Amino acid sequence: MTDGEKLLADARTFEKNLLNFFCRQGVQPSEGEDLVQETYLRLWKYRAAYRPTAKLSTFLFVLARQVRIDALRRQVRRANREEGWGRERPTAVEPGAPCARADVRWALARLSEPLREVIELGVFQDLPYAEVGEILGIPVGTVKSRMSNALKKLKEIFDDERS
């Protein structure tokens, strides 16, 4: 087994985590599976850039984040193109879509992308702040402030919903 094949085999252990990452970003599970596969393709393409001194999960989530950003860009371009053709623009993912509890998905969908990413990586993927910062390319202090802001915003969302 070559180094690249071993790297890909090791990465397969993170498949469920990657799928959950995409689903919590508002992606339907079937599309999430496609994005996971695209992440693995990128891993294969950029396998020479991976240094075993870094955690594989960090490298994978950096790739996954970029895959998600590219998917959003494609979605916007497609929507703009379809809008130009007189078609109805695609709607957002429904809050009750399967993949996580509906109320949590609904609340997370109301957060901005930067806050949602910090929650996803820090809470759902249980990564330390230093690793979250490395993945997002931001300082640890920014991770902490975004986490604090995200948690405050989620509390407000749930408090407003209960009233």
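Computed from a predicted structure; not experimentally measured. All residue numbers refer to position in the chain's written sequence, counted from 1. The model is predicted, so local features are restricted to residues of pLDDT at least 70 and side-chain atom pairs to those at 80 or more, both for listing and for counting; the totals for chains, interfaces and linings are taken over all residues. By convention in this description, side-chain values take in all heavy atoms of the structure and omit both hydrogens and water.

Draft legend 1. Molecular detail of the pattern of salt bridges. Put simply, a salt bridge is a Lys or Arg side-chain nitrogen that is within 4 Å of an Asp or Glu carboxyl oxygen. According to the stated counting rule, one finds 10 salt bridges in the structure shown. Notably, a salt bridge pairs K55 with E131, separated by 3.1 Å at the nearest N-O pair. With K55 in the loop between α3 (29-45) and α4 (56-84) and E131 in helix α7 (residues 129-136), this residue pair connects regions lying 76 residues apart in the sequence. Type-normalised accessible area, obtained with a 1.4 Å probe on protein chains alone, sets the label of each residue: buried when under 20%, exposed when over 50%, and partly exposed for intermediate values. Residue E131 is classed as buried on the basis of its relative accessible area, which comes to 5%. In this structure, R65 and E117 form a salt bridge, with 3.0 Å as the shortest nitrogen-oxygen distance. With R65 in helix α4 and E117 in helix α6 (residues 113-124), the pair connects residues that are 52 residues apart, well separated along the chain. Here R65 matches E117 in class, with each residue buried. Residues joined by salt bridges that share partners form a network here, namely E38, R42, D70, R73 and R74. Helix and strand assignments come from DSSP, with helices taken as H or I runs of at least 4 residues and strands as E runs of at least 2, each series counted from the N terminus.

Draft legend 2. Main features of the packing of aromatic side chains. Pairing of aromatic rings covers Phe, Tyr and the six-membered ring of Trp, with a centre-to-centre limit of 6.5 Å; geometry is then stacked below 30 degrees between planes, edge-to-face above 60, and tilted otherwise. Across all of its chains, the model carries 3 aromatic pairs by this definition. Between the aromatic rings of F21 and F22, the centroid separation amounts to 5.4 Å while the plane-to-plane angle is 65°, which identifies the pairing as edge-to-face. With 5.3 Å between their ring centres and 50° between their planes, Y50 and F59 make a pair best called tilted. Here F59 falls in the buried class, since its relative accessible area comes to 17%. These aromatic residues form a ring-pair network of at least three members: F21, F22 and F61. Here the basic side chain of R47 rests over the ring of W44, its NZ or CZ set 3.9 Å away from the ring centre. Lysine and arginine charges are scored as sitting over a ring when NZ or CZ, respectively, is within 6 Å of the ring centre and within 35 degrees of the ring normal.

Without other data, these values stay purely geometric and don't point to any function.
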